[in-house]
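Residue strings, one per chain:
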Amino acid sequence: MISLPSPTGRAAQASRRPFRSATTEPLVIKWTLIGLCFSVLTVLLFAPLIAIFDEALRRGWAFALASLSEPDAQSAIRLTLLVAAITVPLNAIFGIAAAWAITKFDWRGKAWVITLIDLPFSISPVVAGLLFVLMFGSNTALGVWLVANGFPIVFAVPGILLATLFITFPFVARELIPVMLEQGRAEEEAALTLGASGWRTFVTVTLPNIRWALLYGVLLCNARAMGEFGAVAVVSGKIRGQTTTMPLMIEMFYNEYLSVAAFTMAGVLALLAFVTLTLKSVLEWRYADQLAATHRH
Amino acid sequence: MNIDIEEISKDFNSTFALHPVSLSIPSGTLVALLGPSGSGKTTLLRILGGLEFPTAGRVLFDASDATGLSVQVRRAGFVFQSYALFRHMTVFDNIAYGLRARPRKSRPQSGEITRRVTKLLELIKLPDIGARYPNQLSGGQRQRVALARALAIEPRMLLLDEPFGALDAKVRKELRQGLRDIHDTTGLTTVFVTHDQEEAMQLADLVVVMSMGRIEQVGKPDDIRARPKTPFVREFISA
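Report follows, based on the coordinates. All values derive from a computational prediction rather than experimental measurement. All residue numbers refer to position in the chain's written sequence, counted from 1. Note on labels: chains are lettered from A, ligands numbered from 1, in written order. Local features are withheld for residues below a pLDDT of 70 in this predicted model, meaning they are given only at 70 or higher, and side-chain atom pairs are given and counted only at 80 or more; totals for whole chains, interfaces and linings count all residues. Heavy atoms throughout the structure, all of them, feed into the side-chain values; hydrogens and water do not.

## Digging into the interface of chain B and chain A
Part 1: Every residue pair with non-hydrogen atoms within 4.5 Å of one another is taken to be in contact. Contacts between the two partners involve 24 residues from chain B and, on the opposite side, 26 residues from chain A.
Part 2: Here the quantity called buried area is the total loss of accessible area, with a 1.4 Å probe, experienced by two parts when brought into contact, counted for both. Of the roughly 2,300 Å² buried between chain B and chain A on both sides combined, carbon and sulfur atoms contribute 58%.
Part 3: When residues of chain B are sorted by the area they lose upon contact with chain A, B:Arg87, B:His88 and B:Tyr97 head the list and together hold 33% of the total.
Part 4: Any Lys or Arg side-chain nitrogen located within 4 Å of an Asp or Glu carboxyl oxygen qualifies as a salt bridge. Applying the counting criterion to the chain B and chain A interface returns two salt bridges.
Part 5: Between B:Arg87 and A:Glu187 there is a salt bridge, with its nearest N and O atoms 2.7 Å apart.
Part 6: Here a polar contact is recorded for every N or O atom pair within 3.5 Å, except that within protein the pair must consist of a potential hydrogen donor and a potential acceptor, and residues adjacent in sequence are included only if both atoms are side-chain atoms. Put simply, chain B and chain A have seven residue pairs in polar contact (both at pLDDT 80 or more) between them.
Part 7: Numbered from the N terminus, helices here are DSSP runs of H or I no shorter than four residues, and strands are runs of E no shorter than two. Mapped onto the side of chain B that touches chain A, the elements with two or more residues apiece are helix H2 (71-74), strand E6 (76-79), helix H3 (91-100) and helix H5 (139-152) of chain B.
Part 8: For this scheme, ten residues count as nonpolar: Ala, Val, Leu, Ile, Met, Phe, Trp, Tyr, Cys and Pro. Four count as charged, namely Asp, Glu, Lys and Arg, and the remainder, Gly too, count as polar. Its residues assigned to classes, the side of chain B that touches chain A shows 15 nonpolar, four polar and five charged.

## Observations concerning empty space enclosed by the protein
In this approach the atoms are scanned with a rolling probe the size of a water molecule, which exposes any empty space left behind.
Part 1: The rule is simple: put a 1 Å grid over the protein atoms alone, call a set of points where a 1.4 Å probe fits but cannot get out a cavity, call an open set with protein on both sides within 12 Å along at least five of seven lines a pocket, and count a residue as lining if it has an atom within 4 Å of a point. Grid points are joined across faces, edges and corners, and a volume is the space filled by probe spheres set on the points. Following the criterion strictly, the structure yields two cavities of 30 Å³ or more and no others.
Part 2: Each pocket or cavity is described by its volume, and for the largest cavity that value is around 40 Å³.
Part 3: If you list the elements that add at least two residues to the lining of the largest cavity, you get helix H4 (71-104), helix H9 (157-183) and helix H11 (198-227) of chain A.
Part 4: Looking at the lining of the largest cavity, the element that brings in the most residues is H11(A), giving three residues.
Part 5: Class assignment for the residues of the lining of the largest cavity results in six nonpolar, four polar and one charged.
Part 6: Here the second largest cavity is characterised by a volume of approximately 30 Å³.
Part 7: If you trace the second largest cavity, you find it lined by A:Lys104, A:Gln183, A:Gly184, A:Glu187, A:Glu188, A:Asn209 and B:Arg87.

## Some points on unusual backbone geometry
Residue and element names in this part refer to chain B.
Part 1: Positive phi, normally seen in glycine, also occurs at Glu7, with a value near 50 degrees.
Part 2: You can see Glu7 is positioned in strand E1 (residues 3-12).
Part 3: The backbone of Arg75 sits at a positive phi, close to 50 degrees, despite the residue not being glycine.
Part 4: Position of Arg75 among the secondary structure elements: in the loop between H2 and E6.

As C-alpha cells, this is what we get:
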C-alpha cells in the first residue's frame with residue numbers, strides 16, 4: 001500500500017483506509033478460493049500421480065524395471081510409440097488441411113464439416129472402435145477380402161491406427177481453427193499480392209503464424225494417441241505381444257493381479273506425458289521473446 | 001499504367017456488391033474511391049488487385065485484358081486496411097518478402113535486396129527500423145512499412161485500402177503528404193479507398209464517388225465540389 005503524505009487530518013484518515021481496486025476480493029474469499037482449488041488439485045491430480053509411482057516402486061526399482069523388460073511389456077511400449085509416431089504426423093497434416101480449408105475459404109457446407117470434425121469427441125470411443133469392427137470385421141465382405149489378401153484391419157495394427165487416427169483427429173484442427181480465424185486472411189493476401197505462390201505463402205506466412213497452436217494441438221494429439229483405451233480395446237483383439245498397446249497392457253496386468261507391473265507401465269505412460277509437457281514448457285521459455293513479438297498487434 | 005474498367009459487376013450469393021461500373025484511369029493519376037461503407041469501393045479495389053474476380057466485365061491494363069490475370073502476375077502494390085504486416089518477420093524481412101518470393105531467375109542477389117530495402121526504408125523516412133518487429137511500431141510507422149513493402153516489388157500500380165483509417169488526425173495529415181510525395185516521385189498510377197471526403201478532395205487528382213455498388217460521379221475535386229451531379233454526392237461531400 002502506498003500512503004501519501006497529506007496535510008489535513010481528515011484527508012490523512014481517508015488515505016489510511018485500505019486501498020482496494022474493483023477487481024480485488026476480500027482476503028477471506030481469496031484464500032477460500034485458493035484453498036478450494038488446491039484441495040481439488042490435490043485429490044484429483046497430485047494424489048493419484050503419487051499413488052501410481054508409490055505403487056510401482058513398492059518392491060523397489062529393480063522389480064519395477066524387471067516388469068518392464070518382459071517381452072510383452074516391451075512389445076506394448078513399442079506398439080504405442082509406433083502408433084503415436086504414425087498417427088500424430090498424419091493428424092497434424094489433416095488438422096492443418098481442415099483448419100486451412102475452413103478458415104481461409106468460404107464454401108457451401110462448411111458449418112456441417114465443422115460439426116463433423118467434433119464427431120470423434122462427441123461419440124463414445126467404444127462406439128468408434130465398434131464402427132471399424134463393423135466396417136472391416138470378418139462379418140463383412142470387405143473384411144473377409146482383406147483377411148484373404150493378407151491385410152487384416154480388425155484385430156491387427158492397421159485397425160489400431162485407424163481407431164487412433166479417428167479418436168485424435170479433432171485435436172489439431174480444434175486448436176488451429178480459432179487462431180486462424182482470429183488472424184484472418186489479410187497476411188496471406190498480402191503475400192499473394194507480393195508475388196508469392198500459394199505454397200510459399202503457406203510455408204512462410206501461415207505456418208509460422210500458427211506454429212504455437214500447432215504445437216499445442218500436436219502435444220494433445222500425442223497424449224491421446226498414446227493413452228487411448230476404449231476404441232483401441234475394441235479393434236485390437238488384445239493379442240499379447242502383437243496388438244496390445246500400453247493402456248491395454250496396463251489393464252491386463254492389473255486383471256492378473258500384477259499390480260507392480262501395471263503401475264510401472266502406468267508410470268511410464270505418465271512419464272511420457274511429463275516429457276511432452278516439459279518439452280512444451282522448454283519451447284515456450286526458449287521462444288518467449290518470439291511469442292511476445294508475434295502476438296497480435 | 002492506364003487502367004480501364006469496363007462494365008465490371010460483382011455479386012456475392014445473388015446480392016450485388018457492384019452493379020456494372022465503368023471507369024478509365026489515366027496513367028500516373030492519384031485516384032480516390034470515395035463512398036460510405038457498403039458502396040463497393042473496396043470490392044472494386046480488390047478486383048483491380050486480383051484478390052477478387054468480377055462476375056462480369058473486363059479490366060484492362062494499358063489496353064490489354066487483365067481480367068483473368070492471377071494476383072501474383074498482376075504486380076499490384078497493395079496496402080491493406082490493417083496493413084497485414086507479417087507479424088513474425090522483422091521490418092526488413094517484410095519489405096524484402098516480395099523480392100525473395102520471385103522465381104530464381106529474376107530474384108536479386110542478397111546484397112542487392114539489402115540495398116533496395118535500405119533505399120525503401122529511406123524513402124519512407126524510417127531508416128533505422130529494419131530490425132524491429134511490426135508490433136514494436138506505431139500505427140503510422142506500420143502504414144509506411146506496408147507502403148514500402150508494396151513498393152519493393154516494383155509494382156505496376158499502387159492500391160491502398162483505407163490507408164489512413166486507423167490513424168489519429170495528426171499522423172494522418174503527415175502521411176497524406178507522404179503518400180502524395182511517393183506518388184509524385186514514383187509516378188505510379190495510384191488508387192486508394194476512403195470514406196473521408198476531405199481526405200479524398202485534398203489528396204486525389206481524380207475522385208470517384210460511389211454508393212450502393214454504383215459510381216455516382218467521377219471528376220476533379222473542384223468539379224465535384226462545385227457541380228455535384230446527384231443529390232447523394234451533394235449530401236455526401238457536404239457532410
